[in-house]
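Examination of the molecular architecture
As a plain string of letters, each chain reads:
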Amino acid sequence: MAILVTGGAGYIGSHTCVELLNDGYQVIVVDDFSNSNPESLKRVEQITGKQLKTYPIDLLNQIDLEKVFKENKIEAVIHFAGLKSVGESVAVPLKYYRNNVISTLILCEVMRKHRVKNLVFSSSATVYGATDKMPVSEDAFLKPVNPYGRTKHLIEELLRDLYQSDKEWSITLLRYFNPIGAHESGNIGEDPNGIPNNLLPYISQVAVGKLQRLNIFGDDYPTKDGTGIRDYIHVVDLAKGHLKALEKITSITGVETYNLGTGRGYSVLEMIDAFENASGKKIPYTVVDRREGDSAICYANPNKAREHLKWQASRDIHLMSKDAWRWQQKNPKGYQEIVDPRQTGVY
Ligand code: NAD
Ligand code: UDP
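Here goes a summary of the coordinates provided. Source: prediction; values computed, not measured.

**Notes on the pairing of strand 8 (residues 214-217)**
In strand 8, alternate side chains face the same way, and those of Leu214 and Ile216 are buried while those of Asn215 and Phe217 on the opposite face are not. As defined by bridge partners, strand 8 adjoins strand 13 (residues 285-288) across four bridges and the pair is classed as parallel. If you follow Leu214 over to strand 13, its bridge partner there is Tyr285.

Written out as structure tokens, the structure is:
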């Protein structure tokens with residue numbers, strides 16, 4: 001079965017491509033590499049010993065996208081492509097609405113034209129916004145607090161309307177919690193541009209000596225140690241969740257939403273501790289003010305995915321930290337070519 005993976009060169013997409021290829025799917029990737037490197041796809045092929053087909057195109061370009069559907073017998077789409085930085089979405093909201101919402105609209109139009117009506121969409125726990133009721137379930141009230149989250153919410157609504165208009169569609173909305181870690185080979189992983197916004201990539205860049213110290217955003221939250229609590233999930237567990245969703249959508253129609261999280265929350269200090277144990281490195285930190293827009297606690301109720309998709313996360317924070325560290329050590333510059341320091345005098 002041929003699966004189109006949009007954003008397949010990215011962090012979660014590349015890990016999902018590995019699982020798809022290992023499971024015998026044919027994989028076609030569309031990615032404009034605006035936030036990724038083609039090297040990730042070469043590594044996916046090395047890990048699996050299998051080939052995938054790549055189209056280096058922007059989803060906003062409908063003519064290019066049509067070509068992908070004409071040239072391949074696509075049966076389902078996993079739609080990862082999108083911009084994901086909360087801070088940037090506040091600064092340049094139009095870029096986020098165009099890239100995330102309009103590209104999804106174009107994708108759906110092309111899918112409909114080619115009678116491909118199976119779709120798995122990357123949503124986010126961000127759609128819940130500042131909710132107090134934890135663990136959070138899929139039926140919680142949605143009130144995203146930033147433009148990024150609002151693009152995800154809008155797309156969810158768009159997809160629900162699409163299904164209402166045509167009951168042949170089968171759509172799964174996956175709300176991810178906090179993906180971290182890397183493939184066990186250490187050959188693919190998260191490769192953020194510039195200084196990371198997220199906790200784990202920041203910690204691992206401190207451990208590898210690229211960054212000096214971590215700023216902890218507040219230690220006065222109403223949590224066990226005062227630092228923020230999140231539901232960290234191993235990216236390979238997350239990737240496997242997509243295969244379960246795919247099995248489901250190709251057998252029934254409808255639109256369903258699932259949380260992909262572990263159901264357990266860990267504080268910033270607990271994550272530092274786990275990473276120190278995994279890496280043997282000390283993570284120096286300073287406590288600074290809270291980050292605007294952060295909630296104290298967020299973790300999933302993952303029961304629906306367990307019951308309906310027969311999926312649950314199995315990798316713990318120690319394995320997440322070990323795998324993240326292996327990737328970071330093997331690839332201190334991410335996918336960027338390692339330049340001989342004798343030639344540049346830097347690094
Ligand atoms: P990523 O940036 O690593 O991957 C996204 C990929 O999409 C990149 O390879 C990028 O080049 C590509 N892309 C972006 N716009 C495109 C366009 N218009 N046309 C073609 N390709 C385009 O991000 P990720 O962490 O792998 O996230 C994947 C999806 O999951 C995103 O939709 C993101 O919003 C969502 N998500 C991520 C997280 C997280 O913490 N990583 C959490 C919740 C949801
Ligand atoms: N955090 C932190 N320092 C950082 C990055 C994050 O203290 O440099 C905290 C943040 O306040 C939150 C947790 O780590 O409590 C997870 O943050 P991340 O940005 O990774 O995920 P999100 O807040 O988007 O769920």
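**A look at the site of ligand 2**
In the vicinity of ligand 2, 14 residues are found, and the nearest of them are Leu199, Asn215, Arg230, Arg291 and Asp294. Between ligand 2 and Asn178 there is a distance of 2.9 Å, counted from an oxygen atom to a side-chain nitrogen or oxygen. Between ligand 2 and the protein, one listed contact pairs a nitrogen atom with a backbone N or O atom of Asn215 at 2.7 Å. The element best represented in the shell around ligand 2 is strand 8, accounting for four residues. Classifying every residue of the shell around ligand 2 gives six nonpolar, five polar and three charged.

**Remarks on empty space enclosed by the protein**
This model, assessed by the stated rule, comprises one cavity of 30 Å³ or more. What the largest cavity holds in volume is close to 70 Å³. Lining the largest cavity, in full, are Ser170, Ile171, Thr172, Lys248, Ile249, Ile252, Thr253, Gly254, Val255, Glu256 and Tyr258. Breaking the lining of the largest cavity down by element, the ones donating at least two residues are strand 6 (170-176), helix 8 (235-249) and strand 11 (254-260). Per-element accounting of the lining of the largest cavity gives the leading share, four residues, to strand 11.

**So, the layout of surface pockets**
Approximately 260 Å³ is the volume attributed to the second largest pocket. For the second largest pocket, the lining is made up of 23 residues, of which Glu190, Asp191, Pro192, Gln205 and Trp327 are closest to its centre. Looking at the lining of the second largest pocket, the elements with two or more residues in it are helix 7 (199-207) and helix 11 (317-330). At four residues, helix 7 tops the list of elements feeding residues into the lining of the second largest pocket. For the lining of the second largest pocket, the class distribution of residues is ten nonpolar, nine polar and four charged.

**Describing the sheet that holds strand 9 (residues 229-230)**
Strands belonging to one sheet form pairs held by backbone hydrogen bonds; the direction of such a pair is parallel or antiparallel. Reading across the sheet, the three strands line up as 12-9-14 and stay open at both edges, with mixed pairing between neighbours. Both outer strands of the open sheet, strand 12 (266-267) and strand 14 (297-298), are each paired with one neighbouring strand and no more.

**Digging into helix 8**
In this model, helix 8 (15 residues) spans 21 Å end to end at C-alpha, consistent with the 21 Å of a helix rising 1.5 Å per residue. For helix 8, the complete set of buried residues consists of Val235, Val236, Asp237, Leu238, Ala239, Gly241, His242, Leu243, Ala245, Leu246 and Ile249.

**With respect to the environment of Pro93**
Residue position: Pro93 is located in helix 5 (residues 93-113). Along the sequence, Pro93 and Tyr148 sit 55 residues apart, while their C-alpha atoms lie 7.7 Å from each other.

**Concerning helix 9 (residues 268-279)**
The first and last C-alpha atoms of helix 9 sit 16 Å apart over twelve residues, in line with the 16 Å expected at 1.5 Å per residue. Within helix 9, the full set of buried residues consists of Val268, Met271, Ile272, Ala274, Phe275, Glu276 and Ser279. At the exit of helix 9 stands Gly280, carrying a positive phi of roughly 70°.

**A closer look at the site of ligand 1**
Neighbouring ligand 1 are 27 residues, the closest being Asp31, Asn35, Ser36, Phe80 and Tyr148. The backbone of Tyr11 places a nitrogen or oxygen atom 2.9 Å from an oxygen atom of ligand 1. The separation between an oxygen atom of ligand 1 and a polar main-chain atom of Phe80 is 2.7 Å. Across the complex, the protein chains shield 95% of the 820 Å² of accessible surface that ligand 1 would expose by itself.

Definitions and limits used
Residues numbered from 1 in each chain as written. Chains lettered and ligands numbered in written order. Predicted model: local features only at pLDDT ≥ 70, side-chain atom pairs only at ≥ 80, totals over all residues. Heavy atoms only, no water. Buried < 20%, exposed > 50% of the residue type's maximum accessible area, 1.4 Å probe, protein only. Helix = DSSP H or I, 4+ residues; strand = E, 2+ residues; numbered from the N terminus. Pairing = 2+ DSSP bridges. Near = heavy atom within 4 Å. Polar contact = N/O pair within 3.5 Å; in protein donor to acceptor, adjacent residues only side chain to side chain. Nonpolar A, V, L, I, M, F, W, Y, C, P; charged D, E, K, R; others polar. 1 Å grid on protein atoms, 1.4 Å probe; cavity = no way out; pocket = protein on both sides within 12 Å on 5 of 7 lines; lining within 4 Å. Points joined across faces, edges and corners; volume = space filled by probe spheres on them. Expected span 1.5 Å × (residues − 1). Areas by Shrake-Rupley, 256 points an atom, 1.4 Å probe, with all protein chains shown as cover.

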